[in-house]
Amino acid sequence: IFSIGGVVSSFLVGFVGDVRGREGMLAVNVLAVAAGLLMGLCKMWKPHIMVISGRAVMGFYCGLTSGLVPMYIGEIAPKAYRGALGTLHQLAVVIGILISQVIGLDFLLGNDDMWPLLLGLSGAPAVLQSLLLPLCPESPRYLYIVLGKEKEARKSLHRLKGEYDPTPDLEEMKREKQEMEKEARVSILSLIRSSVYRQQLIVALMMHLSQQFSGINAIFYYSTAIFYRAGVSQPVYATIGVGVINTIFTLVSVALVDKAGRRTMLLVGLGGMCCCAVAMTVGLIFQNEYSWMSYISMSAIFLFVSFFEIGPGPIPWFIVAELFSQGPRPAAIALAGCCNWTSNFIIGMTFPYIQAWTGSYVFILFAGLLFGFTVFTYLRVPETKGKTFEEIAAVFQKGRKKLPPSLKADTELEQLKTATDA
């Protein structure tokens, strides 16, 4: 139910971001507060209906914020720190997961009496964000490029960077605005049908598929059961250990992503996860014959999560905005978000059945997928660190048929018009 809400709302990310900007982010917090109240007060009526409704509304809220937050961060971040600041979004997510794991222990809130409060507290961060967001400046790019308010954009730049000459930044925005005005407004359907951005779209969708079909959510959703199967006597504490590792290596990613680069971090993360999935499988197969194999399985899980947070966890959320210009960006983010949430739903619903069918070999399936994603990343994903959109677009156009500049521009414009009309 949670994932379904995310799938539905992901299509609205571009609309909310373009129409309301930061105010839109503030308004959607009402959804999280409403969801928290539905779940926290569920014993006042029919608990199952209240909890299901609350989870659906919370999923709808998370689908919006998972697109709006990286979009906002990407627009206010300096180019040199775009990756690190984009990864902070994932850091906030994993810290939230860790806190929920701790307060969900039996002797805290994870018991028969306190569980409604545990669920209700999920709306608390939205209350905090509602108080703090008015203190944040509006995106200068949104103000200048979308609304055409140069004076307000200048003020926003001063709030973000202090007293300095914003003319170079405004000139850059002016050029981006002029380029955007040359592009047709790209809808989701026209983006799918158009060949102009097809390569970028394939890369963006594959990055989100690699995040979800890596098997990471199988670890998060069913980690306690997996640790129990691996022979751990107190699996709930091992699960909290996973949350701690999750947080630590997200911090590592924050420090490295703008130095090592997105492509390198993705390759290291996906390749490492593939090896860990194989090690996990070996440990689960032989744990009944060799007692020490349970330590292999547990170590492989910790390393699996570590490699995930190095690259495949945070990078897909902000790399989509780097691959597309202002025109197709909202539609691309909506499609990528829908792909992510749909994959999340599929894994959450099917993993127990896949595990029952494959037994100890369940992670071999994920190892195969991870190997494929690693090869795809090596062959098709360019490095976007410190590059402008024009430089990134040039990388994708290398493999396309060479055309004279004027004919090429006319062809691309015609393709966009045809797709938009369709």
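Rules and cut-offs
Residues numbered from 1 in each chain as written. Predicted model: local features only at pLDDT ≥ 70, side-chain atom pairs only at ≥ 80, totals over all residues. Heavy atoms only, no water. Helix = DSSP H or I, 4+ residues; strand = E, 2+ residues; numbered from the N terminus. Rg over C-alpha atoms; globule rule 2.2 N^0.38 Å. Buried < 20%, exposed > 50% of the residue type's maximum accessible area, 1.4 Å probe, protein only. Contact = heavy atoms within 4.5 Å. Areas by Shrake-Rupley, 256 points an atom, 1.4 Å probe, with all protein chains shown as cover. Lys, Arg positive; Asp, Glu negative; His and termini not counted. Charge placed at Lys NZ, Arg CZ, Asp CG, Glu CD. Salt bridge = Lys/Arg side-chain N within 4 Å of Asp/Glu carboxyl O. Axes fitted to C-alpha atoms, helices over the stretch in contact; angles between N-to-C directions. Parallel < 35°, antiparallel > 145°, perpendicular 65-115°, else oblique. Left-handed = near helix turned anticlockwise from the far one by under 90°. Nonpolar A, V, L, I, M, F, W, Y, C, P; charged D, E, K, R; others polar. Polar contact = N/O pair within 3.5 Å; in protein donor to acceptor, adjacent residues only side chain to side chain. pLDDT = per-residue confidence, 0-100. Core = buried A, V, L, I, M, F, W, Y, C linked by side-chain atoms within 4.5 Å. Phe/Tyr/Trp six-rings, centres within 6.5 Å; stacked < 30°, edge-to-face > 60°.

Visitor: Whenever I open this one, the overall build of the chain confuses me. Can you help?
Guide: Across its full length, the chain carries 22 helices and zero strands. Computed over its C-alpha atoms, the radius of gyration of the chain comes to 23 Å, within 12% of the 22 Å expected for a compact globule of 422 residues. A principal-axis box enclosing the C-alpha atoms of the chain has dimensions of 70 × 50 × 45 Å. The proportion of buried residues among the 422 residues of the chain is 48%. The contacts in the chain between residues at least 6 apart in sequence include a share of 78% that link residues at least 24 apart. For the chain, the exposed area adds up to about 19,900 Å²; of that, 67% sits on carbon and sulfur atoms. In the chain, which carries 35 positive and 29 negative side-chain charges, the distance between the mean positions of the two groups comes to 3 Å.

Visitor: What exactly am I supposed to notice about the pattern of salt bridges here?
Guide: Working definition: two side chains of opposite charge can pair if their charged atoms are close together. For the structure shown, the criterion picks out six salt bridges. Residues Arg 82 and Glu 322 are paired through a salt bridge, measuring 2.7 Å at the closest nitrogen-oxygen approach. In this pair, Arg 82 sits in helix α6 (residues 82-103) while Glu 322 sits in helix α18 (residues 315-323), placing the two residues 240 residues apart along the sequence. This pair shows no difference in class: Arg 82 is buried, exactly as Glu 322 is. Arg 154 is paired through a salt bridge with Glu 150; the nearest N and O atoms lie 3.6 Å apart. In this pair, Arg 154 and Glu 150 both sit in helix α10 (residues 150-161), four residues apart, roughly one turn of the helix. In this structure Arg 154 comes out as partly exposed when scored by relative accessible area, which is 31%.

Visitor: For this particular structure, what's the right way to read α18?
Guide: It helps to recall that an α-helix has 3.6 residues per turn; residues three or four apart then point in one direction. α18 sits mainly inside the fold: eight of its nine residues count as buried. Of the residues making up α18, those classed as buried are Ile 315, Pro 316, Trp 317, Phe 318, Ile 319, Val 320, Glu 322 and Leu 323.

Visitor: What am I meant to see in the packing of helix α16 (residues 262-286) against helix α20 (residues 362-380) here?
Guide: The relative placement of two packed helices is expressed as an angle between their axes plus a distance between the axes. Running from amino to carboxyl end, α16 crosses α20 at an angle of 160°, the nearest separation of the two axes being 9 Å. Judged on the interaxial angle alone, α20 and α16 are roughly antiparallel. The element α16 and its partner α20 pack so that their crossing is left-handed. Contacts from Arg 263, Leu 266, Leu 267, Leu 270, Gly 271, Met 273, Cys 274, Ala 277, Val 278, Met 280, Thr 281 and Leu 284 of α16 reach α20 at Phe 363, Ile 364, Ala 367, Leu 370, Phe 371, Phe 373, Thr 374, Thr 377, Tyr 378 and Leu 379. In terms of residue class, the contact of α16 with α20 is built from 17 nonpolar, four polar and one charged.

Visitor: Just to check I follow, could you spell out the side chain of Thr 377 for this structure?
Guide: Within the secondary structure, Thr 377 sits in helix α20. Overall, the relative accessible area of 0% leaves Thr 377 in the buried class. A polar atom in the side chain of Thr 377 sits 2.8 Å from the backbone oxygen of Phe 373. The residues touching Thr 377, leaving out its near neighbours within four places in the chain, are Met 207, Arg 263, Leu 266, Leu 267 and Leu 270.

Visitor: What is the right way to read the confidence of the model for the chain from this model?
Guide: As a note on interpretation, predicted positions should not be read in detail where pLDDT is low. Mean pLDDT for the chain: 85, with 91% of residues reaching 70 or above. Counting contacts from residues 416-422, a segment whose pLDDT is below 50, to residues more than four positions away or on other chains yields 13 contacts.

Visitor: Just to check I follow, could you spell out the packing of helix α15 (residues 235-260) against α16 for this structure?
Guide: Running from N to C, α15 and α16 point in directions that differ by 125°, and their axes come no closer than 7 Å. Viewed along their axes, α15 and α16 adopt a mutual orientation that is oblique. Side by side, α15 and α16 meet where Ser 253, Leu 256, Val 257, Asp 258 and Ala 260 of the first sit next to Arg 262, Thr 264 and Met 265 of the second. Looking at side-chain class alone, the contact of α15 with α16 contains four nonpolar, two polar and two charged residues.

Visitor: How should I be thinking about the nonpolar core in this particular structure?
Guide: Soluble globular proteins tend to bury their nonpolar side chains together. Grouped together as the largest cluster of nonpolar side chains are 51 residues, with contacts concentrated most on Met 58, Leu 191, Leu 323 and Phe 324. When residues of this core are assigned to their parent elements, the largest contribution, nine residues, is made by helix α5 (residues 47-76). Not counting residues within four places of it along the chain, the set of residues in contact with Leu 191 comprises Val 186, Tyr 197, Leu 201, Phe 324, Pro 328, Ala 331, Ala 332 and Leu 335. The next biggest cluster of nonpolar side chains, apart from the first, holds 28 residues, and it includes Cys 276, Phe 351, Leu 370 and Phe 373.

Visitor: Looking at this structure, I do not really get the packing of aromatic side chains. What am I missing?
Guide: For any pair of aromatic rings, the description consists of the separation of the ring centres together with the inter-plane angle of the planes. Counted by the stated rule, this structure contains six aromatic pairs. When the centroid spacing of 6.2 Å and the interplanar angle of 50° are considered together, the rings of Phe 351 and Phe 363 count as tilted. Note that Phe 351 is positioned in helix α19 (residues 329-358) and Phe 363 in helix α20, a separation of twelve residues in sequence. Phe 363 matches Phe 351 in its accessibility class, with the two residues each being buried. An aromatic cluster of three or more residues is present, and its members are Phe 351, Phe 363 and Phe 366.

Visitor: What is the right way to look at the environment of Tyr 361 in this model?
Guide: Position of Tyr 361 among the secondary structure elements: in the loop between α19 and α20. For the pair Tyr 361 and Val 278, spaced 83 residues apart in the sequence, the C-alpha separation amounts to 9.1 Å. Excluding residues within four positions of it along the chain, Tyr 361 makes contact with Thr 281 and Ile 285.

Visitor: Which parts of the structure should I look at to understand helix α1 (residues 2-10)?
Guide: Most of α1 is tucked away: seven of the nine residues are buried. When α1 is considered as a whole, its buried residues turn out to be Phe 2, Ser 3, Gly 5, Gly 6, Val 7, Ser 9 and Ser 10.

Visitor: I keep staring at the environment of Leu 119 and nothing clicks. Help me out?
Guide: Structurally, Leu 119 can be placed in helix α7 (residues 115-120). Classification of Leu 119 as partly exposed rests on a relative accessible area of 26%. In sequence terms Leu 119 and Leu 109 are ten residues apart; their C-alpha atoms lie 9.3 Å from each other. Residues within four places of Leu 119 in sequence aside, it is in contact with Met 39 and Val 51.

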